[in-house]
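For reference, the chains in residue letters:
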Amino acid sequence: MKGPLALRSVTLFKDGVALLGPIDCTIAAGRPVVLMGPSGSGKSTLLNFMIGALAPVFGATGEVWLGDVEITQLPIQQRHLGILFQDDLLFPHLSVAENLAFGLPAGLSRLEREQRVAAGLAEAELTGLGARNPASLSGGERARAALMRTLLAEPCALLLDEPFAKLDIALRGRFRALVFERAARRNLPVLLVSHDPADAEAAAGQVIAL
Ligand SMILES: Nc1ncnc2c1ncn2[C@@H]1O[C@H](COP(=O)(O)OP(=O)(O)OP(=O)(O)O)[C@@H](O)[C@H]1O
């Protein structure tokens, strides 16, 4: 599945009361869109709806499209969306390198897997930390590992929930550039939840404000 990610008349409800929407938007491939809004306005819930993992307390109407396929009712694994949750959710029993390898596409040779993980570690500025346990990393290192695991899985679109929030300003700039470049190079639609005006600036005004 390729092409833009689109929301059509999406409304979210919590306990039967409208929480957010209706939202209509198209997230074009290659040009990240930033989703901003007050805490508790439903940004993370919208991402969960898009991947098909809404908590039972919520309800939703409307449609999600990826290219010319409506994915609203598809099982989570058939949507081919990459999501980075706010809490990094690395597997605690796997090393950092094993976490990165976890989502790699099927069918790669062992050598190719090792090369991609090594390149991912380098790109995430985690070289030398591959054998470590996630619990032994700093919050920012874990956030970078989780972001790279999401990128290495080669999804058809990316949903990123405050991916740079735990990084210092310099790292934030470098990882913002990494995500924007990757989106452009691989022609990926990216929806980026953020409270940081610098992300909105990088998205050249492509902002959804709740
Ligand atoms: N599993 C849940 N059960 C009950 N209420 C929930 C659940 N998850 C989220 N909520 C509530 O739903 C509302 C929307 O939450 P959500 O996490 O989507 O907000 P957000 O815009 O992402 O906020 P933030 O910017 O603080 O991350 C909040 O009031 C939150 O307390």
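Cut-offs and rules
- Residues numbered from 1 in each chain as written.
- Predicted model: local features only at pLDDT ≥ 70, side-chain atom pairs only at ≥ 80, totals over all residues.
- Pairing = 2+ DSSP bridges.
- Helix = DSSP H or I, 4+ residues; strand = E, 2+ residues; numbered from the N terminus.
- Near = placed C-beta within 6 Å.
- Nonpolar A, V, L, I, M, F, W, Y, C, P; charged D, E, K, R; others polar.
- Expected span 1.5 Å × (residues − 1).
- Buried ≥ 20, exposed ≤ 12 C-beta atoms within 10 Å, placed from the backbone.
- Contact = placed C-beta atoms within 7 Å.

A. Highlighting the pairing of strand β2 (residues 17-27). Taken together, the seven bridges between strand β1 (residues 5-14) and β2 define a ladder with antiparallel strand orientation. By the bridge assignment for β2, A6 is matched with T26. Taking the residues that link successive antiparallel strands as the turn, the β1-β2 hairpin has two residues, and the phi of D15 there is positive, at about 50°.

B. View of the sheet that holds strand β4 (residues 58-66). Taken in spatial order, the four strands line up as β2-β1-β4-β5 in an open sheet, and their pairing is antiparallel. Only two strands of the sheet have a single partner each, and these edge strands are β2 and β5 (69-70). For β1 and β4, the ladder comprises eight bridges, and the chain directions are antiparallel. Across the sheet, the residue bridging to A6 is W65, located in β4.

C. Seen up close, the site of the ligand. As a matter of local geometry, the ligand sits amid K14, G37, S39, G40, S41, G42, K43, S44, T45, A55 and V57. The leading source of residues in the shell around the ligand is helix α1 (residues 43-51), at three residues. When the residues that make up the shell around the ligand are grouped by side-chain class, the tally is two nonpolar, seven polar and two charged.

D. A look at helix α4 (residues 139-152). If you check α4, its first and last C-alpha atoms are 20 Å apart, about what 14 residues at 1.5 Å a residue would give, namely 20 Å. Where burial is concerned, most of α4 is hidden: 12 out of the 14 residues are buried. Within α4, the full set of buried residues consists of E141, R142, A143, R144, A145, A146, L147, M148, R149, T150, L151 and L152. Buried positions along α4 lie against β6 (81-84), α2 (96-102), α3 (110-123), β7 (157-161) and α5 (169-186). At the exit of α4 stands E154, carrying a positive phi of roughly 50°.

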